[in-house]
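# A look at the structure
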Amino acid sequence: MLPVRIDRGDPRPLGTQLADQVRRLVLTGVLAPGDRMPATRRLAHDLGVSRAVAEQAFDQLLAEGWIEARRGAGTWVAGGRGPVTTPARRRTAARAERPLVMLDAGTPWIDPRHEAVWRRAWREVSTATPPRGYDDPRGLAELRGLLAERLGRTRGLAVDAAAVRLTGGTGAGLRHVLAALPPGAVAIEDPGYRAAAAAVEAAGRQVRDLPALAPVTDLTGCAAAYVTPAHQHPLGRVMPAADRLTLLGAARAAEALVVEDDYDSEFRYDVAPVPALTTLAPDRVAYLGTASKAILPTLRLGWAVVPDRILDAFDAHREVTHDVPPWPVQRAMLTLLRDGYVDAVVRSARRVYAERAPRVVAALSPYAELAGPVAGMYSTWLLPHARAVRARTAAEEAGFRINLLRDYCRSTRLSGLVVGFGGASDDELDRALTVIATALSH
């Protein structure tokens, strides 16, 4: 019998519970490629559920590629060719085949209780009438209106639909902003968001390093400064009010644009979300937001609010490149916002992160120093590079991916670990913390 159980007090559907537990058995190596699965009839009998529940779970696992059915032979864990007789070989194969659980700074926790709203959004897409030709490069007007309302309510931005542009995420928004600016370097926090630095270099511009925790007093020669003031990525600090004013003063003196990536702003649980930097100087700041943390990273949908003085150039670049989010994705997002899904999932995720953060701190604080406040879906820990590498290696061997702080640095010589806690189940997180703490204790 499979080591699984059904919890009728769990709000998730029974089939979803069963599928989740089978995935976990594969990820942890309890089930290895080639292991035979029980028949759905027998499994249903053992669990005291209808056969339809077992079939639903198996259909989902088949569709995702976790198991495979062979006509006349039964169902097996994918990746093998039937039972392998040597247990050591099974364990080696399982380690090679299973995907790593991502404990990084960008993988969010998605509440499974909201799946019905997600499905309804895509049903509406399937019945909606698409544009006759290419859609508006600015984005769907109704969606931009809903986003403008939400930005005003949650981030304090006084904007209307005419000022909002839909993008393929913050990276795409940054590319369009860069194309609208005059020549010049771009200052980026160090350590900082690696994709932003890569986008600047790909645009043929020089990256100037800004010490992440120091006030920005001089932007001479820069066309822009890219910052994450709500939750500095990856050190976690909120940019103080005095530093915000100093940054804006330096930008004005240099005639530079400040690009605000509003990273992780909605997931604070220690204090209320800090108003966006853009509210202090909307003529000097371009605002970038994304749906990847609240909804799904692979949605690849974001939004931008840019100053009027570069808006025409911003729009012209988008129209020429046709770099616009697909209409079906925008239409689904419209439903999710209209039906309150985004607000609901942000609230539930915030509660989960608030519960998990103290567990991470309790497990790792005896062995490393926190780099900044723990907020959002990750925490950053300072420790010698060799120990950080040892912990990352141990975590990977156990099936978990964590990042090194050194990988976020360019000229700054900081070292440590960036440990996410959004992309795992509670059990997976506890196992990962045990592995990391054990590696750091030696």
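On a predicted model such as this, the values are computed, not experimentally measured, just so you know.

Another point: the environment of Pro211. Counting through the fold element by element, Pro211 comes out in strand E6 (residues 207–211). Relative accessible area serves as the criterion here: at 51%, Pro211 is assigned to the exposed category. Measuring from C-alpha to C-alpha, the distance between Pro211 and Asp190 comes to 5.2 Å, with 21 residues separating the pair along the chain.

The strand order E11-E12-E15-E14 describes an open sheet built from four strands, whose pairing is antiparallel. The two strands at the open ends of the sheet, each matched to only one other strand, are strand E11 (369–370) and strand E14 (403–404). Note: strand E12 (residues 378–382) against strand E15 (residues 416–420), five bridges, orientation antiparallel. Counted as the bridge partner of Tyr378 is Gly420 from E15.

Scored by pLDDT, the protein has a mean of 88; 93% of the residues are at 70 or more. Per-residue pLDDT, averaged within each element of the protein, yields its smallest value for helix H4 (residues 87–97) (45) and its largest for strand E7 (residues 222–227) (98). For residues 81–96, every residue scores under 50 in pLDDT, and the model assigns this stretch 18 contacts once sequence neighbours within four places are set aside.

Our focus in this paragraph is the pattern of salt bridges. Using the criterion set out here, one finds 24 salt bridges in the structure. Where Asp315 meets Arg165, a salt bridge forms, and the shortest distance between an N and an O atom there is 2.8 Å. Here Arg165 lies in strand E4 (residues 164–167) and Asp315 lies in helix H10 (residues 308–321), a separation of 150 residues in the sequence. The same class applies to Asp315 and to Arg165, which are both buried. Residue Arg356 pairs with Asp426 through a salt bridge whose shortest N-O separation is 3.0 Å. Placement of the pair is Arg356 in helix H12 (residues 341–364) and Asp426 in helix H14 (residues 426–440), with a sequence separation of 70 residues. Ionic contacts of the salt-bridge type, sharing partners, join the residues Arg120, Glu124, Arg331, Arg338 and Asp339 into one network.

Another aspect to go through is the pairing of E12. Counting buried positions along E12 yields four of five residues, so the element is predominantly enclosed. Judged from the two bridges that link them, E11 and E12 form a sheet pairing that is antiparallel. Its bridge partner being in E12, Leu370 is matched across the sheet by Trp381.

According to the stated counting rule, one finds four aromatic pairs in the structure shown. Consider the rings of Trp118 and Trp122, whose centres lie 5.8 Å apart with planes at 75°: the pair is edge-to-face. Taken together, the residues Trp118 and Trp122, both in helix H5 (residues 115–127) and four residues apart, mark about one turn of the helix. Residue class for Trp118 comes out partly exposed when judged on its relative accessible area of 24%. Summarising the aromatic geometry, the rings of Tyr263 and Tyr378 are spaced 6.3 Å apart at their centres and angled 55° between planes, so their arrangement reads as tilted.

Core analysis: the largest hydrophobic core is formed by 85 residues, its most contacted members being Leu18, Ile295, Met333, Val342, Leu417 and Ile436. The element best represented in this core is H12, accounting for ten residues. Those residues within four positions of Ile295 in sequence are excluded, and the remaining contacts are Ile110, Trp118, Met333, Leu336, Tyr341 and Val342. Of all hydrophobic cores here, the second largest spans 24 residues; its members include Leu174, Ala196, Leu288 and Leu311.

Looking along the chain, the bond that leaves Asp190 and enters Pro191 is cis, with omega of 0°. Position of Pro191 relative to the elements: it lies in the loop between strand E5 (185–190) and helix H8 (194–202). Note that the residue after His233, namely Pro234, is joined by a cis bond; omega there is 15°. Along the polypeptide, Pro234 turns up in the loop between E7 and helix H9 (241–254). The residue Glu255 is not glycine, and still its phi comes out positive at about 55°. With respect to the helices, strands and loops of the structure, Glu255 is situated in the loop between H9 and strand E8 (257–261). Residue Glu255 is classed as exposed on the basis of its relative accessible area of 58%.

Basis of the calculations
- Residues numbered from 1 in each chain as written.
- Predicted model: local features only at pLDDT ≥ 70, side-chain atom pairs only at ≥ 80, totals over all residues.
- Heavy atoms only, no water.
- Helix = DSSP H or I, 4+ residues; strand = E, 2+ residues; numbered from the N terminus.
- Buried < 20%, exposed > 50% of the residue type's maximum accessible area, 1.4 Å probe, protein only.
- Pairing = 2+ DSSP bridges.
- pLDDT = per-residue confidence, 0-100.
- Contact = heavy atoms within 4.5 Å.
- Salt bridge = Lys/Arg side-chain N within 4 Å of Asp/Glu carboxyl O.
- Phe/Tyr/Trp six-rings, centres within 6.5 Å; stacked < 30°, edge-to-face > 60°.
- Core = buried A, V, L, I, M, F, W, Y, C linked by side-chain atoms within 4.5 Å.

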